[in-house]
Amino acid sequence: MDQRCAVGLDLRTPLNVSLSAFYRRSFAYHTVQKRMPVILTQTIDILVRTKENIIKTYGEDAREELKGVIGELSKLKYEIQTNKPFRKLIGDNWDVEQYNKYLEHQSVIIEHPNFYNSIWLHSECYMYRRMREAFELTNNLKDMDPFETQKVQSYNTAKILMEQLGNYLLNILEKDGDKKTEFIQLLKLNLWGNKCDLSITNGVVSNDMEQSHELEALNTNILCDHSENVWNAISTDTQSEIIDIVLDNAGYELYTDLCLADFVITNKYATKIRFYVKTIPWFISDVLTKDINWTLTQLNASDNPTLRKLSQRWSNYLDSKIWTVEEHDFWTLPVSYTEMISYDVELYRKLSDAKLVVFKGDLNYRKLFGEKNWSPETPVEEALQGFHPSRLCSLRTLKADIICGLKEGLAEMTAAKSEDWLITGNYGVIQYCDKVVIV
Ligand SMILES: O=P(O)(O)OC[C@H]1O[C@](O)(CO)[C@@H](O)[C@@H]1O
Ligand SMILES: [Mn+2]
């Protein structure tokens, strides 16, 4: 464990120590203090505003239950604001047991784990899992996604960008261009798709991406660019023909993921792509299976021929199992990926069968690199702390104060240009790590 208990409040996070709201100058503190209560307030607001629609969809019996859910969410907000200790989760799912075991283990290390003395990952995941619990314990609202309204808005905001990217994709799929250049271009477009995330904006849909026609200009903000290594990893033959993509957000980001996957399949760099989704509503915008189906239906109903064409191509990939959607509860546990082997060894083995595993987004980054305040020059291989199921790639725009794998001095230079460089989503990394075999 780290020295959280040994240092006073009001400090920046010490090096090599777990991120936590215990450190007042951290983004974790700001998140627990300001952002998490706002997310709960907004979710409650939406439920209240759309009450009649919800009842129409889920039936009259849902009326009282919805009240109960709103009550639970308000209670949770109060618990955060008054820093109450975490309680055990209720339910019979596998993940409930894992959360409770984890809490028990934490209680041995820290007295009464709570939002401000726990590892940030635990505090934040606990909030989303508690939100889920409120729905799960009802009879009629079990399947409800409280973030659906925001996801729909986000999809609608991105339509113009989707058309542009769709035209570009169909064009490069038809012509005999330089595949490496095209792949790297798509990879970078995909990276910037991660700027569109709803939890960082507290659920507010920004039209940032819509305005930014010059995505190219953003590429100068890639602080570590291993695109060439990623290209080499996909374009050289290995025993495996599978590429795994651990998805992050629905909306424009998901669309960029599907575009990249189409390019990979059409050009035969893999024969199969497995998309890993969350099994419960998560960090507002994270992809669930139903979001993929919904997206394809929307694209198919579009008045734009490019979007319709892509939807048909992608539905065919799914029907013929060239693309599959994979559900595992592990992804929403409050633990880092070094712990995957002990929580879900089958999943670790499954990832090992892929020729490359692509991790999308900021939260995956935090989990890949153990939610620690690394010195920015720490090599990626070291910060992975033994998590090497296969060749790994992380595409992430910076939205949390954790970073590794940067060249000497780059962190300081970037901070001098932009004080908030770690959290605005304006900077990105494309980081690659070869499979490391420990003998
Ligand atoms: O969708 P992403 O890229 O994983 O980002 C989730 C966001 O939520 C946060 O956890 C903050 O609450 C950040 O780490 C990150 O900005
Ligand atoms: Mn996300």
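What you see is a predicted model, and the numbers here were worked out from it, not measured in a lab.

Asks: How would you sum up the sheet that holds strand β5 (residues 356-360)? Please name residues and give values.
Replies: The strands making up a sheet associate through backbone hydrogen bonding, with each pair oriented either parallel or antiparallel. Within the open sheet, the seven strands sit side by side as β1-β7-β6-β5-β2-β3-β4. Their pairing is mixed. Only two strands of the sheet have a single neighbouring strand rather than two, namely β1 (222-225) and β4 (323-327). Between one strand axis and the next, the sheet turns by 15° as a mean value, whatever way the strands run. Sitting on the sheet, helix α17 (residues 361-368) is in contact with β2 (242-246), β5, β6 (392-397) and β7 (428-433), with an inclination near 130° to β6.

Asks: Mind laying out the domain arrangement of the protein, listing which residues take part and the relevant values?
Replies: If you check the domain split of the protein, you get domain 1 (27-136) and domain 2 (150-433). Computed over C-alpha atoms only, the centres of domain 1 and domain 2 are separated by 27 Å. With both sides pooled, the region where domain 1 packs onto domain 2 buries about 2,200 Å², and carbon together with sulfur makes up 67% of that total. For domain 1, the biggest contributors to the area lost against domain 2 are Phe27, Leu121 and Tyr128; these three give 30% of the whole. Between the two partners, domain 1 and domain 2, sit one salt bridge. The residue Arg366 makes a salt bridge to Glu124 at a minimum N-O spacing of 2.9 Å.

Asks: An account of the layout of surface pockets is requested, with residue identities and associated values reported.
Replies: Quantified by volume, the largest pocket comes out at close to 640 Å³. The wall of the largest pocket is formed by 21 residues, among which Arg12, Arg25, Asp401, Trp421 and Leu422 lie closest to the centre. Of all the secondary structure elements, the ones that give two or more residues to the lining of the largest pocket are α1 (27-49) and α19 (410-417). Looking at side-chain class alone, the lining of the largest pocket contains eleven nonpolar, five polar and five charged residues.

Asks: Go over the pairing of β7 with me, naming the residues and quoting the values.
Replies: Along β7, six of the six residues are buried, which leaves the element largely enclosed by surrounding structure. Judged from the three bridges that link them, β1 and β7 form a sheet pairing that is parallel. Of the residues in β7, the one forming a bridge with Asp225 is Ile430. Of the pairings in the sheet, the one linking β6 to β7 comprises six bridges and is antiparallel in character. When the bridges of β7 are listed, Thr397 appears paired with Gly428.

What counts and what doesn't
Residues numbered from 1 in each chain as written. Chains lettered and ligands numbered in written order. Predicted model: local features only at pLDDT ≥ 70, side-chain atom pairs only at ≥ 80, totals over all residues. Heavy atoms only, no water. Pairing = 2+ DSSP bridges. Helix = DSSP H or I, 4+ residues; strand = E, 2+ residues; numbered from the N terminus. Axes fitted to C-alpha atoms, helices over the stretch in contact; angles between N-to-C directions. Contact = heavy atoms within 4.5 Å. Domains from an automatic or database assignment. Buried area = accessible area lost by both parts, 1.4 Å probe. Salt bridge = Lys/Arg side-chain N within 4 Å of Asp/Glu carboxyl O. 1 Å grid on protein atoms, 1.4 Å probe; cavity = no way out; pocket = protein on both sides within 12 Å on 5 of 7 lines; lining within 4 Å. Points joined across faces, edges and corners; volume = space filled by probe spheres on them. Nonpolar A, V, L, I, M, F, W, Y, C, P; charged D, E, K, R; others polar. Buried < 20%, exposed > 50% of the residue type's maximum accessible area, 1.4 Å probe, protein only.

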